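Descriptive structure summary
The lines below spell out each chain.
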Amino acid sequence: MTSRKTPIVFCDFDGTITANDNIVAIMKHFKPEGYEEIINAVLDQSISIREGVGRMFALFPSSRKDEIVSYALEQAVIREGFAEFLDYLKSKDIPFYVTSGGIDFFVDPLLKPFDIPADHIFCNSAVFDGDHIQITWPHPCQDPCSNDCGMCKVTVIKDYPAEKYTRILIGDSVTDFEGAKKADLVYSRSTLTERCEEIGVNHVPFETFNDILEDMKHKLNQGVL
Ligand code: MG
Ligand code: ZN
């Protein structure tokens, strides 16, 4: 007798649920002195994501909170098909988690219309009570991950063992590289697609959430998910 595994979805936020990376957008808009060097170091992985994101936000005095929050919210666009995709998962009882390297001040308000339970949203936090913006890291790496992720997708995923779950990761970039190695199936865009090809991870490139919905529907109908 075969025991069916439960599909479970872990979805990135920046550049995945939203069309663009909101951290990159904030930095490119406000251009705090020195941000470019840090962003490039994160993207080429010469420094960790936690160090890079922490250092970038520390370039801003806390007094700029309101303009940064407003800008982040006004420029963000939700990727096509997201609401329909969530409805589909709900109809199939497939659990959905947001695993984001982004920051709560934009992740939470942008997700508000979609009725995702708070304990299904993993992201970083910001505090604005010091001289400069400080990012806090409520979900750090735990053994076996020592990548200094900031928000560790590997650590979130490991609570859902491969014996019981088919772990599906959706993402686009550097914050997804470690989690993708643990996933059973990856829906990828951008540099995550290139990385999956390099390291031989099972992946399906996508542009909109409709693409993912169609592929999942097909796989469920075929009994391969
Ligand atoms: Mg991303
Ligand atoms: Zn980690």
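It should be emphasised that the depicted structure is a prediction, and the values quoted were computed from it without experimental measurement.

**Comments concerning the overall build of the protein**
When its secondary structure is counted, the protein shows ten helices and seven strands. The C-alpha radius of gyration of the protein comes to 17 Å, within 12% of the 17 Å expected for a compact globule of 225 residues. Summarising the internal contacts of the protein: among those between residues at least 6 apart in sequence, 60% fall at separations of at least 24. Side-chain charges in the protein split into 22 positive and 36 negative, and the spacing between the mean points of these groups amounts to 5 Å.

**Let's talk about the coordination of the zinc ion (ligand 2)**
For a metal bound by four donors in tetrahedral geometry, the ideal donor-metal-donor angle is 109.5 degrees, whereas six donors in octahedral geometry ideally sit at 90 or 180 degrees. At this site the zinc ion (ligand 2) is bound by Cys141 (SG), Cys145 (SG), Cys149 (SG) and Cys152 (SG), with donor distances of 2.3 Å. Classification of the site at the zinc ion (ligand 2) as tetrahedral follows from its four donor atoms and the range of 103 to 115° in their angles at the metal.

**With respect to the sheet that holds strand β7 (residues 203-205)**
Taken together, seven strands build an open sheet; the order of strands is β4-β3-β2-β1-β5-β6-β7 and the sheet is mixed. Since the sheet does not close on itself, it has two edges, and those belong to β4 (134-136) and β7, each with one partner. Averaged over neighbouring strand pairs, the angle between their axes works out to 20° when direction is ignored. With four bridges connecting them, strand β5 (residues 165-171) and strand β6 (residues 185-188) associate as parallel partners. Bridging from a neighbouring strand, Gly171 pairs with Ser188 of β6. Docked against the sheet, helix α9 (residues 190-199) engages β5, β6 and β7, running at close to 140° with respect to β6.

Rules and cut-offs
- Residues numbered from 1 in each chain as written.
- Chains lettered and ligands numbered in written order.
- Predicted model: local features only at pLDDT ≥ 70, side-chain atom pairs only at ≥ 80, totals over all residues.
- Heavy atoms only, no water.
- Helix = DSSP H or I, 4+ residues; strand = E, 2+ residues; numbered from the N terminus.
- Rg over C-alpha atoms; globule rule 2.2 N^0.38 Å.
- Contact = heavy atoms within 4.5 Å.
- Lys, Arg positive; Asp, Glu negative; His and termini not counted.
- Charge placed at Lys NZ, Arg CZ, Asp CG, Glu CD.
- Donors = N, O, S within 2.8 Å, 3.2 Å for Na, K, Ca; no water.
- Tetrahedral: all angles 85-135°; square planar, octahedral: opposite > 155°, others 65-115°.
- Pairing = 2+ DSSP bridges.
- Axes fitted to C-alpha atoms, helices over the stretch in contact; angles between N-to-C directions.

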